[in-house]
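Residues per chain are reported as follows:
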Amino acid sequence: MSLFARSIVLPAALALAFIAPACGSDEGPKSVPPGAIAVVGDQEIEKAEFDRLIKQAETSAKAQGQEFPQTGSPEYNDLKDAIVRSLVERAEFAQEAEEMGLEVTDAEVEKRLDELKQQFFQGDEEKYRKEIAKQGLTDERVREEIRARLVSEKIYEKVTSGVKVSQADIKAYYDKNKAQFQRPESREVRHILVKKESQAIDIYEQLRDGANFAALAKKFSQDPSSASKGGKYTAVKGQSVAPFDKFVFAADTGDLSRPVKTEFGFHVIEVLSDIKPKSVTPLKEVEASIRDTLLREKHNEKMRDWVNDLQAKYKDEIAYAPGFAPAATTTGETTGTTG
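Rules used throughout
Residues numbered from 1 in each chain as written. Predicted model: local features only at pLDDT ≥ 70, side-chain atom pairs only at ≥ 80, totals over all residues. Heavy atoms only, no water. Helix = DSSP H or I, 4+ residues; strand = E, 2+ residues; numbered from the N terminus. Contact = heavy atoms within 4.5 Å. Expected span 1.5 Å × (residues − 1). Buried < 20%, exposed > 50% of the residue type's maximum accessible area, 1.4 Å probe, protein only. Arc of directions from axis to C-beta. Polar contact = N/O pair within 3.5 Å; in protein donor to acceptor, adjacent residues only side chain to side chain. Salt bridge = Lys/Arg side-chain N within 4 Å of Asp/Glu carboxyl O. Core = buried A, V, L, I, M, F, W, Y, C linked by side-chain atoms within 4.5 Å. Pairing = 2+ DSSP bridges. Phe/Tyr/Trp six-rings, centres within 6.5 Å; stacked < 30°, edge-to-face > 60°. Axes fitted to C-alpha atoms, helices over the stretch in contact; angles between N-to-C directions. Patch = residues over 30% accessible without salt bridge, like charges linked within 9 Å, V, L, I, M, F, W, Y side chains within 5 Å. Areas by Shrake-Rupley, 256 points an atom, 1.4 Å probe, with all protein chains shown as cover. Lys, Arg positive; Asp, Glu negative; His and termini not counted. Charge placed at Lys NZ, Arg CZ, Asp CG, Glu CD.

### Here's the deal with the overall build of the protein
Here is step 1 of the chain: The number of helices and strands found in the protein is twelve helices and nine strands.
Here is step 2 of the chain: For the protein, long-range pairs separated by at least 24 residues make up 77% of all intrachain contacts whose partners lie at least 6 apart in sequence.

As C-alpha cells, then:
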C-alpha cells in the first residue's frame with residue numbers, strides 16, 4: 001500500500017493500536033439483518049462495505065505486484081478478521097463521538113484532504129485522482145475515511161486533554177535513567193580524508209613542513225561534513241571508526257598522525273584539545289524531551305484505559321453474521337489496518 005493510502009485508510013487513528021478484539025457472539029440472521037456482517041450497538045455494518053475493503057486490498061496488492069491471498073487461506077482469513085475488527089472499531093468510535101458531542105465538519109475534512117494532496121501530490125489534482133483509482137478508492141471514499149480518522153483524533157484529544165506532566169515527574173525520570181543521558185568522552189580534532197595512501201603521505205609531509213591545515217582540508221578532504229570547516233571535527237569516543245578512534249583518544253594534544261587507514265580511506269589527523277571527560281547531560285538540556293516522552297506515555301495509558309472501558313461497554317452489544325466473528329488474538333490487540 002502506498003504511503004498516501006496508509007495516511008487515509010481507517011483505522012490509522014491514534015488510539016486503535018490499543019483496542020482489544022471486539023467481543024460479541026457469532027449469531028445468525030435474527031441478530032444481524034440480511035446484507036450486514038455485524039451489528040454494533042444500534043449501527044449495522046453492511047457487507048457491501050466489507051466487500052469494498054476486500055476489493056480495495058486486492059487492487060492495492062496487484063498495483064504493487066503482490067499476490068492477493070486466496071479465499072479461505074490463513075492469510076485471507078487474517079485480512080478478513082482485520083477488516084471486520086476495523087469496521088467494528090469505527091462503529092464504536094462513531095457512536096462514542098456522538099455521545100461525547102464531537103463532530104467533524106465538511107470544512108475540516110476538506111482541509112485535511114488539501115493537506116494530503118499537497119504532501120503527496122504537490123497539490124496536483126490529476127495525480128491525486130490517478131493514485132486513488134490505482135488504490136481502488138473514490139474521492140467520496142477518501143473523504144469518508146478522512147472523516148473517520150478525524151473522529152478518532154478528536155476522541156484522542158478529548159480523552160487525553162487533562163493529562164499533565166509535573167516537574168517532579170520529569171526529575172524522577174531523569175534520576176532513574178541517568179545512564180541514558182551520559183555524554184561519552186570527546187575531543188576536538190581536525191582531519192583530512194583522501195582515498196590514496198600516497199596522497200595522504202604527501203599531505204602529512206606538507207603539514208610537517210608547516211603547510212596550512214585548513215587550506216589543505218578545504219582543497220583535498222573528501223569528508224564533506226568537515227572539509228568546509230578546515231577539517232575540524234568533534235570526535236566522540238565510540239562513534240568513529242575504530243582506527244580513527246584509537247589514534248584520537250590515545251594521542252597527546254597537538255599530535256599529528258601519519259596516514260590512518262579506515263574503510264573510508266586514509267586520514268591525516270591533528271589533535272587540537274585535551275579529552276573532555278564523560279559527563280551527564282544537565283537536566284535543563286533534556287527537560288523538554290523528557291516531558292514529551294512522559295506526556296506520550298501518559299496519553300497512551302489514558303487512552304488504553306478509555307478503550308478498555310469502551311470494550312467492556314460494547315461487550316454484549318456486538319453480534320456477527322455467521323462466519324464473520326474475528327478469531328481471538330493472543331496479544332489482545334488489533335492489526336489496525338483495512339488493507
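Having seen the structure, we can now continue with the description.
### Some details on helix α2 (residues 47-63)
Here is step 1 of the chain: Across its 17 residues, α2 extends 24 Å between first and last C-alpha, which sits within 8% of the 24 Å expected from 1.5 Å per residue.
Here is step 2 of the chain: Residues E49, F50, R52, L53, I54, Q56, A57, E58, S60 and A61 constitute the buried set of α2.
Here is step 3 of the chain: Each element contacted by the buried residues of α2 is listed here: β1 (36-40), β2 (43-46), α3 (74-99) and α6 (139-160).
Here is step 4 of the chain: Two residues or fewer past α2, G65 is found with a positive phi of approximately 75 degrees.

### Some words on helix α9 (residues 213-220)
Here is step 1 of the chain: Along α9, the residues that are buried comprise F213, L216 and A217. Looking straight down α9, one finds that the buried residues subtend no more than 100 degrees of arc, so they occupy a single side. α9 presents K218 and K219 as exposed residues on the side facing more than 90 degrees away from its buried surface.
Here is step 2 of the chain: Looking at the packing, one finds that the buried side of α9 touches β4 (186-194), α8 (197-208), α10 (224-227) and β7 (265-271).
Here is step 3 of the chain: The backbone nitrogen of A214 has a side-chain oxygen 3.0 Å away, supplied by the residue at the start of α9, namely N212.

### Thoughts on the pattern of salt bridges
Here is step 1 of the chain: Evaluation of the coordinates by the stated rule reveals 27 salt bridges.
Here is step 2 of the chain: A salt bridge links K47 to D51, with the shortest nitrogen-to-oxygen separation between them at 3.0 Å. Placement of the pair is K47 and D51 together in helix α2, with a separation of four residues, close to one helical turn.
Here is step 3 of the chain: Overall, the relative accessible area of 33% leaves K47 in the partly exposed class.
Here is step 4 of the chain: When its relative accessible area of 34% is taken as the criterion, D51 is described as partly exposed.

### Let's talk about the nonpolar core
Here is step 1 of the chain: Formed by 48 residues in total, the largest nonpolar core has its most connected members in I37, I45, F50, I155, M303 and W306.
Here is step 2 of the chain: If one sorts the elements of this core by residue count, α3 sits on top with nine residues.
Here is step 3 of the chain: Residues in contact with F50, not counting those within four places in the same chain, are I37, K80, I83, V84, L87 and F324.
Here is step 4 of the chain: If you look at the next biggest cluster of nonpolar residues, it comprises eleven residues, including Y204, L207, F213 and V268.

### Let's talk about the pairing of β1
Here is step 1 of the chain: Burial runs high along β1: five of the five residues are buried.
Here is step 2 of the chain: Here four bridges tie β1 to β2, and the two strands are oriented antiparallel to one another. Opposite V39, over in β2, you have E44 as the bridge partner.
Here is step 3 of the chain: Taken together, β1 and the strand that follows it, β2, pair antiparallel across an intervening segment of two residues, in which G41 is found at a positive phi of about 60 degrees.
Here is step 4 of the chain: Pairing of β1 with strand β9 (residues 318-320), which is carried by three bridges, proceeds in the antiparallel orientation. What sits directly across from V39, in β9, is A319.

### Concerning the packing of aromatic side chains
Here is step 1 of the chain: Inspection of every chain in the model, using the stated rule, returns seven aromatic pairs.
Here is step 2 of the chain: Here the aromatic rings of F50 and F324 are separated by 5.3 Å at their centres, their planes lie at 90 degrees, and the arrangement is edge-to-face. With F50 in helix α2 and F324 in the segment after β9, this pair connects stretches of sequence that are 274 residues apart. With respect to class, F50 is no different from F324; both count as buried.
Here is step 3 of the chain: When the centroid spacing of 5.4 Å and the interplanar angle of 25 degrees are considered together, the rings of Y174 and F181 count as stacked. Each of the two residues, Y174 as well as F181, counts as buried.
Here is step 4 of the chain: Each residue in the set F120, F121 and Y128 is aromatic and connected to the rest through ring pairs, giving one cluster.

### Section: the sheet that holds β2
Here is step 1 of the chain: Taking strand neighbours across the sheet as the criterion, the three strands line up as β2-β1-β9 in an open arrangement whose pairing is antiparallel. Lying at the two open borders of the sheet, with one neighbouring strand each, are β2 and β9. The mean inter-strand angle of the sheet, taken between neighbouring strand axes irrespective of direction, is 15 degrees.
Here is step 2 of the chain: Those strands touched by α2 are β1 and β2, and its axis lies near 45 degrees from that of β2.

### Concerning a negative patch on the surface
Here is step 1 of the chain: There is a patch of like negative charges on the surface, built from D42, E98, D316 and E317.
Here is step 2 of the chain: With respect to the helices and strands, D316 occurs in the loop between α12 (283-314) and β9.

### Regarding the pairing of β4
Here is step 1 of the chain: In terms of burial, β4 is a largely internal element, seven of the nine residues being buried.
Here is step 2 of the chain: The sheet contact formed by β4 and strand β5 (residues 232-236) spans five bridges and is antiparallel. By the bridge assignment for β5, R190 is matched with K232.

Limitation: the analysis is restricted to geometry and does not speak to function.
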